[in-house]
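# Examining the three-dimensional arrangement
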Amino acid sequence: MASVTVINHPLVQHKLTIMRDKHTSTAGFRQLLREIATLLCYEVTRDLELTTTTIETPLAEMRAPTLAGKKLVFASVLRAGNGLLEGMLDLVPAARVAHIGLYRDPKTLQAVEYYFKAPDDLDERLTIVVDPMLATANSAIAAIDRLQERGAKDIRFVCLLAAPEGIDKFHGAHPEVPIYTASVDKFLNDKGYIVPGLGDAGDRMYGTK
Ligand code: PRP
Ligand code: URA
């Protein structure tokens, strides 16, 4: 069974509260999402393997730790995933990036793909999928299905908010993928929105409603 890690760090929880507030501006929302993303990135990469390399400091030669293996891939689920992506790249600027264009059909709540572009060698890299919202989980499952079709084997999923219903469905489809989130909220309403949630993440990021 996949694990769910709730990141309770006080800075994450404080920033999330401001993001949830409907009075927070579009610019403020986007800035906070970027800031929270760096903190979530810190947690999701906590157990990355290290190796050592020889360097020279101004005073001495030393063996020093450095990340092992190939560079990470951040896979952003468009549009709202890009808000998390920016903060992740602030912390890991050398990461490779995949883009998965998906929107939720408002009637069926099924994910509809309109774009996909990813590095060729996903099978050799850790892929961290980023999307602020795990609601029905249809989008997250579709994104992970596509990445696996393209060879990804080692995948983690990072979101800001998750609904209990979405976590159950995600676990059913992808028990091998761990979830990292800042909050597990109460429930999904009849339109598939997370309650209490923060509204439509894409609209709040880009001011489209
Ligand atoms: C939002 C969000 C997720 C999806 C979550 O995207 O960013 O991708 O909904 O819902 P689900 O778990 O029920 O699939 P949306 O489809 O609104 O597209 P947008 O990011 O382009 O606004
Ligand atoms: N997508 C969002 O942006 N918000 C929700 O609450 C559910 C899906």
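For the structure, see preceding data.
Note that the structure is predicted; figures quoted are calculated from it, not measured.

This next bit is on the sheet that holds strand S10 (residues 161–162). Taken in spatial order, the three strands make up an open sheet running S8-S10-S12, and their pairing is parallel. Pairing within the sheet leaves two strands with one partner each, and these edge strands are strand S8 (133–134) and strand S12 (183–184). Across two bridges, S8 lies against S10 in parallel orientation. Paired with methionine 133 across the two strands is leucine 161, which belongs to S10.

The next thing to look at is helix H2 (residues 26–44). Spanning 19 residues, H2 covers 26 Å between terminal C-alpha atoms, matching the ideal 27 Å at 1.5 Å per step. Every buried residue of H2 is accounted for by Phe29, Leu32, Leu33, Ile36, Ala37, Leu39, Leu40, Cys41 and Val44.

This part is about the pairing of strand S6 (residues 111–117). Pairing geometry for strand S5 (residues 96–104) and S6, over six bridges, is antiparallel. By the bridge assignment, leucine 102 is partnered in S6 with glutamate 113. What sits between the antiparallel neighbours S5 and S6 is a turn of six residues, in which leucine 109 has the positive phi angle 60°.

Between two packed helices, what matters for the description is the angle formed by their axes and the separation of those axes. Put simply, helix H1 (residues 10–20) and H2 touch, their axes get as near as 10 Å, and they point 155° apart. It follows that H1 is roughly antiparallel to H2 by the angle criterion. Of the two elements, H1 crosses H2, and the hand of that crossing is left-handed. On the side of H1, the interface is formed by Leu11, Val12, Lys15, Leu16, Ile18 and Met19, while H2 contributes Phe29, Leu32, Leu33, Glu35, Ile36, Leu39 and Leu40. A per-class count over the contact of H1 with H2 returns eleven nonpolar, no polar and two charged.

Per the counting criterion, the structure on display carries 14 salt bridges. As a salt-bridge pair, aspartate 185 and arginine 20 come within 2.8 Å of each other at their nearest N and O atoms. Here aspartate 185 is found in the loop between S12 and strand S13 (187–188), whereas its partner arginine 20 is found in helix H1, with 165 residues between them in sequence. The class of arginine 20 is partly exposed, set by a relative accessible area of 24%. A salt bridge links lysine 209 to aspartate 203; the shortest N-O distance between them is 3.6 Å.

Let us now look at the packing of aromatic side chains. Summed over the entire model, instances satisfying the criterion amount to two aromatic pairs. Seen from the ring of tyrosine 193, arginine 104 lies directly overhead, with NZ or CZ sitting 5.4 Å from the centre. Seen from the ring of phenylalanine 116, arginine 146 lies directly overhead, with NZ or CZ sitting 4.2 Å from the centre.

What counts, and at which threshold
- Residues numbered from 1 in each chain as written.
- Chains lettered and ligands numbered in written order.
- Predicted model: local features only at pLDDT ≥ 70, side-chain atom pairs only at ≥ 80, totals over all residues.
- Heavy atoms only, no water.
- Pairing = 2+ DSSP bridges.
- Helix = DSSP H or I, 4+ residues; strand = E, 2+ residues; numbered from the N terminus.
- Expected span 1.5 Å × (residues − 1).
- Buried < 20%, exposed > 50% of the residue type's maximum accessible area, 1.4 Å probe, protein only.
- Axes fitted to C-alpha atoms, helices over the stretch in contact; angles between N-to-C directions.
- Parallel < 35°, antiparallel > 145°, perpendicular 65-115°, else oblique.
- Left-handed = near helix turned anticlockwise from the far one by under 90°.
- Contact = heavy atoms within 4.5 Å.
- Nonpolar A, V, L, I, M, F, W, Y, C, P; charged D, E, K, R; others polar.
- Salt bridge = Lys/Arg side-chain N within 4 Å of Asp/Glu carboxyl O.
- Phe/Tyr/Trp six-rings, centres within 6.5 Å; stacked < 30°, edge-to-face > 60°.
- Lys NZ or Arg CZ within 6 Å of the ring centre and 35° of its normal.

This is a description of form; function is not addressed.
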